[in-house]
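# A look at the structure
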Amino acid sequence: MLENTVEFVRPAKAKPAAERWSIAQIVALFELPFSDLMFRAQTAHRANFNPNEVQVSTLLSIKTGGCSEDCGYCPQSARYHTGVENEDLMALDDVLAAAKAAKDSGAQRFCMGAAWRGPKQKDLEPVLKMIAEVKALGLETCATLGMLKQGQAEQLRDAGLDYYNHNLDTAPEYYGDVISTRTYQDRLDTLDRVRDAGMNVCCGGIVGMGESRAQRAGLIAQLANMETPPESVPVNLLTQVEGTPLHGADELDPFEFVRTIAVARITMPTSHVRLSAGRETMPESLQALCFLAGANSVFYGEKLLTTGNPDTEADRALFAKLGINQG
Ligand code: SAM
Ligand code: DTB
Ligand code: SF4
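Described below are features of the structure shown in this document. (Residues numbered from 1 in each chain as written. Chains lettered and ligands numbered in written order. Predicted model: local features only at pLDDT ≥ 70, side-chain atom pairs only at ≥ 80, totals over all residues. Heavy atoms only, no water.)

### Topic: the site of ligand 2
Around ligand 2, the surrounding shell consists of Leu59, Pro75, Thr144, Asn165, Asn167, Pro234, Asn236, Phe299, Leu304, Leu305, Thr306 and Thr307. Asn165 is positioned with one of its side-chain polar atoms (N or O) 3.4 Å from a nitrogen atom of ligand 2. A distance of 3.0 Å separates an oxygen atom of ligand 2 from a polar backbone atom of Leu305. Here ligand 2 loses 88% of its free accessible area of 410 Å² to cover by the protein chains. Put simply, ligand 2 lies in the largest cavity. Looking at the shell around ligand 2 residue by residue, the classes come out as six nonpolar, six polar and no charged. (Near = heavy atom within 4 Å. Polar contact = N/O pair within 3.5 Å; in protein donor to acceptor, adjacent residues only side chain to side chain. Areas by Shrake-Rupley, 256 points an atom, 1.4 Å probe, with all protein chains shown as cover. 1 Å grid on protein atoms, 1.4 Å probe; cavity = no way out; pocket = protein on both sides within 12 Å on 5 of 7 lines; lining within 4 Å. Sits in = over half its atoms within 2 Å of the grid points. Nonpolar A, V, L, I, M, F, W, Y, C, P; charged D, E, K, R; others polar.)

Below you can see the structure in the form of structure tokens.
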């Protein structure tokens, strides 16, 4: 059986064994008839959230490209020729101008991303200032800066960081096919540091990288079986970028993407599930199915980090058509 090749890797703080989702149970959700799966997801969604509200976060790449890591999906790795121009850490005023513009267009949270393996102390200090000032604008703050060392999560928390994004990306078994420069355990360690510092965790992954359904279930098991599952779960559809090793991967069937959202919703009923990368190429009808499957957060604004996202006008029009409020 394929499922038997996918195993849960116990993080430092996991749910007690009796409360964990097994991979087989999660695969069984994936295998439900589509309507039954959607009904289960809607039921879980409505028990925990206003189903017509979607949380919106705007991303900004504060340090772009030239990254030492070899993540096989990423246009910002220095190892791949993708046409992304390297840029140093942005100036504080430019970050604040982008944050104000995001707030004015309706964003609730502002997420600052840096193409680092992890921040050095000299990198972290200017970012702490950015966080404090973005927070002072009345926005929720999020950062994604790579792996954190002992003590760094506390500094981010003290600066006013509400969420730290660090993704597991895929199931433990598939991970080595995608990234070699950091381990799954490194990622779990950073997530523990964020949790121990008392910040909200934003953690999800990417689908459409050639993984199997059982491996998609394996990623979800890792997230759902955390002692406290992430408050925010980004489900990214691989944005294929020419020059990266994963360019040319087989496209994921759109219904499988919707199923992944639904399974995340059922297994993490109180988390915000974010319909993340990949929205630019999705028809509105597919996005609507994702909301129906329990997605209740999106990235909002013309750009993700280096790739495109629907423009805000199009998103406002879609929300209006579907009767969705920004909540
Ligand atoms: N360098 C930091 C790190 O890796 O933790 C932070 C930024 S990194 C770009 C944040 C996340 O973006 C990755 O973990 C990955 O899940 C997602 N990502 C990167 N490139 C992507 C792509 N081409 N398609 C979908 N998601 C992508
Ligand atoms: C996440 O899970 N997705 C966002 C955010 N967290 C940082 C990033 C998506 C990046 C897509 C590729 C790019 O724009 O470079
Ligand atoms: Fe670097 Fe992050 Fe891209 Fe990996 S995902 S290459 S760590 S920027």
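### Here's the deal with the packing of aromatic side chains
For the coordinates displayed, the defined rule picks out three aromatic pairs. Between Tyr175 and Tyr184, the ring centres sit 5.2 Å apart and the planes meet at 85°, which makes this aromatic pair edge-to-face. Classification of Tyr184 as buried rests on a relative accessible area of 7%. Sitting above the plane of the Tyr163 ring, Arg109 keeps its charged end 3.6 Å from the centroid. The ring centre of Phe299 lies 4.7 Å from the NZ or CZ of Arg274, which sits over that ring. (Phe/Tyr/Trp six-rings, centres within 6.5 Å; stacked < 30°, edge-to-face > 60°. Buried < 20%, exposed > 50% of the residue type's maximum accessible area, 1.4 Å probe, protein only. Lys NZ or Arg CZ within 6 Å of the ring centre and 35° of its normal.)

### Side note on the side chain of His166
Checked against the element boundaries, His166 lands in the loop between strand 4 (163-165) and helix 6 (172-175). Taking relative accessible area as the criterion, His166 reaches 3% and is therefore assigned buried. (Helix = DSSP H or I, 4+ residues; strand = E, 2+ residues; numbered from the N terminus.)

### Considering the nonpolar core
The biggest cluster of nonpolar side chains holds 91 residues, and the ones touching the most others in it are Tyr73, Leu145, Leu156 and Phe257. With residues near it in sequence (within four places) discarded, Leu156 still touches Leu124, Leu128, Ile131, Leu145, Leu148, Leu161, Tyr164 and Met199. Among the nonpolar cores identified, the runner-up in size contains seven residues, and Cys142, Ala277, Phe299 and Leu304 belong to it. (Core = buried A, V, L, I, M, F, W, Y, C linked by side-chain atoms within 4.5 Å. Contact = heavy atoms within 4.5 Å.)

### Considering the side chain of Thr144
Mapped onto the secondary structure, Thr144 falls in strand 3 (residues 140-144). Judged by relative accessible area, which is 17%, Thr144 ranks as buried. Polar contacts involving the side chain of Thr144 include one to the side chain of Asn165, which spans 2.9 Å. If we ignore the near neighbours within four places in the chain, the residues touching Thr144 are Cys111, Met112, Gly113, Ala114, Tyr164 and Asn165.

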